[in-house]
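Single-letter residue listing:
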Amino acid sequence: MKTEIVMAVRGELEGNLERTALAALEETPVRIIQDGTETTIKAIPGAGLFAPWSVPRGPGQARHYGILQSKADIVILTDGHMTFPKGWIAAIVGRLSKKEHARDLLCFRTQMLGHDFESMGDTVLNGACLRMMTREVCDEYWPISVKWNKNKSATKKPEPVAAVMGACYAMRREWYFKIGEPLKILEEWGQDEEILSLACHLMGGQVILMPQVCGHIYAAPHLGRVESADRNDLRWSNRRVVVLALPATDAERKKLLDWMNQTRRIMGDYFKLTDDRIERISGLREHFLRGKLKWRDLIERGIVTQPTEVEQKSYLASSPPAADGRISAPPRTVLSGKTQIVIRDVEVCDRCGARDSFVQTAGRRNTMSFDLAYARCKKCGHKAQIRTKTQKPQ
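Figured I'd write up the structure that's included with this text. (Residues numbered from 1 in each chain as written. Predicted model: local features only at pLDDT ≥ 70, side-chain atom pairs only at ≥ 80, totals over all residues. Heavy atoms only, no water.)

For the protein chain, the count of helices and strands is 11 helices and 18 strands. Expressed as a percentage of the 394 residues in the protein chain, the buried residues total 57%. (Helix = DSSP H or I, 4+ residues; strand = E, 2+ residues; numbered from the N terminus. Buried < 20%, exposed > 50% of the residue type's maximum accessible area, 1.4 Å probe, protein only.)

Here you go:
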């Protein structure tokens, strides 16, 4: 069976993309899909490079476009900052070429890498689970999300898991169409793993964790990305449309949406869906309704679960302070505009030019390679994410 990697990238550092693509090309063709033209991507010998739109639409749309354009029997979705083990393509083909595994969606064990492709410790993550109704840092309420299987032991053979995670997923191209082309409902970043995993289960397939280990730069740096309030709304809309597409009752959907709508960071445009997108969502829901399982079946079978009290606390890193609900949402800006990414050593507001004017408005989350906090310029209200690189684990 013919294979091809679909690599969705946006503002990828040239060195990271080149190293990743060249490593992948040793075993299979690579199709790079540039999500927007904010930055120029240098062509990599042997790899196809496509830029279907100038304004970014998110990795879900880029991957969807790449799958549609591919002529391969098996498509492999990856990021542009990864490492791959020898023989991993042969392992994919060996699994998916068998008729009994035609409905498999594969993912790999994941080793977190630092920004220089160095290992961030001995921990290897073993697939993911699907959680519903979780509370997250910055007082966010997520209806459906994937979480790492942190307590799952290593496997030496392929085995079922609830969800893909780790940015390296493989399936038969024909299976992507049979599960309804689920990535087509997404815009902007987020929910790729959730909708792919849900679609696979709902249509009678299974998610399989392969024993091989891929490396993935965690929170990889990027260039030229323009963040805005509109893009934030689109990200939240992804969470909403995944719920809307579920083969669930109105009451079941309302329960999930009511949970999410407690999030104060959601802005009004989150509710505005284009007619074209509504049509895509409705089409996917109708497709799911003809599938093998319904939303309630996923819950009854333990494929989707609510977090335990211990798990919920771990998502928040610690118990939220009493004032968390009051202070966590950044105040709205008077003027709209892009969100500035600020490194602690450089704090000059892009909008008004004030120095050292950012005031932190929401907690600090350790993401292994940097700490993250939200802030506003106290002079003009400009939004910012403050990122402080953390110490490399010893």
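Moving on to helix H10 (residues 309-316). Residues of H10 that are buried include every one of Gln312, Tyr315 and Leu316, and no others. Each buried residue of H10 lies within a common arc of 95 degrees when the element is viewed along its axis, so the set occupies one face. In this structure, the buried residues of H10 make contact with strand S8 (128-136) and strand S9 (140-148). (Arc of directions from axis to C-beta. Contact = heavy atoms within 4.5 Å.)

Here Met203 shows up in the loop between helix H5 (192-202) and strand S12 (206-217). Spatially, the C-alpha atoms of Met203 and Trp175 are 9.7 Å apart, while their sequence positions differ by 28 residues. Excluding its chain neighbours within four sequence positions, the residues that come into contact with Met203 are Arg103, Trp175, Lys178, Ile179, His287, Phe288, Gly291 and Lys292.

Inspection of the sheet shows strand S6 (residues 104-113) paired to strand S7 (residues 119-125) by three bridges, in the antiparallel sense. From the neighbouring strand, Gln111 faces S7, where its bridge partner is Val124. From the end of S6 to the start of S7, which pair antiparallel, there are five residues, and Phe117 there has a positive phi angle of about 65 degrees. (Pairing = 2+ DSSP bridges.)

Most of S9 sits out of view: nine of its nine residues are buried. With eight bridges connecting them, S8 and S9 associate as antiparallel partners. Its bridge partner being in S9, Thr134 is matched across the sheet by Trp142. If you look at the hairpin formed by S8 and S9, you'll find three residues sitting between the two strands, and Cys138 has a positive phi there, around 65 degrees.

Looking now at the packing of aromatic side chains. Within this structure, the stated rule accounts for five aromatic pairs. On the numbers, 4.4 Å between centres and 5 degrees between planes, the contact of Phe84 with Trp88 is stacked. You'll find Phe84 and Trp88 in the same group, each marked buried. Taking the centre distance of 5.9 Å and the plane angle of 70 degrees together, the rings of Tyr176 and Phe177 count as edge-to-face. For Phe177, a relative accessible area of 28% puts it in the partly exposed group. Among the aromatic residues, those joined into a ring-pair cluster are Phe84, Trp88 and Phe108. In this structure, Arg57 packs its charged tip against the face of Trp53, placed 5.2 Å from the ring centre. Its end group placed over the ring of Trp236, Arg239 keeps NZ or CZ at 5.6 Å from the ring centre. (Phe/Tyr/Trp six-rings, centres within 6.5 Å; stacked < 30°, edge-to-face > 60°. Lys NZ or Arg CZ within 6 Å of the ring centre and 35° of its normal.)

Another point: the sheet that holds S9. Read from one edge of the open sheet, three strands run S9-S8-S14, paired in mixed fashion. Because the sheet does not close on itself, it has two edges, and the strands there are S9 and strand S14 (304-305). Packed on one face of the sheet, H5 meets S8, S9 and S14 and runs near 70 degrees to S9. On the sheet, helix H7 (residues 250-260) packs against S8 and S9 and is oriented at approximately 100 degrees with respect to S9. (Axes fitted to C-alpha atoms, helices over the stretch in contact; angles between N-to-C directions.)

Another point: the nonpolar core. Membership of the largest hydrophobic core comes to 62 residues, with the highest contact counts inside it found for Ile144, Leu198 and Trp295. Ile5, Ile74, Trp88 and Ala170 belong to the second largest nonpolar core, which has 29 residues in total. (Core = buried A, V, L, I, M, F, W, Y, C linked by side-chain atoms within 4.5 Å.)

Our next topic: H7. Along an α-helix, residues three or four positions apart point the same way, because every turn accommodates 3.6 residues. For H7, the full list of buried residues reads Glu252, Arg253, Leu256, Leu257 and Met260. The arc enclosing the buried residues of H7, seen along the axis, measures out at 125 degrees, which places them on a common side. Across H7 from its buried face, at more than 90 degrees, point the exposed residues Asp250, Ala251 and Lys254.

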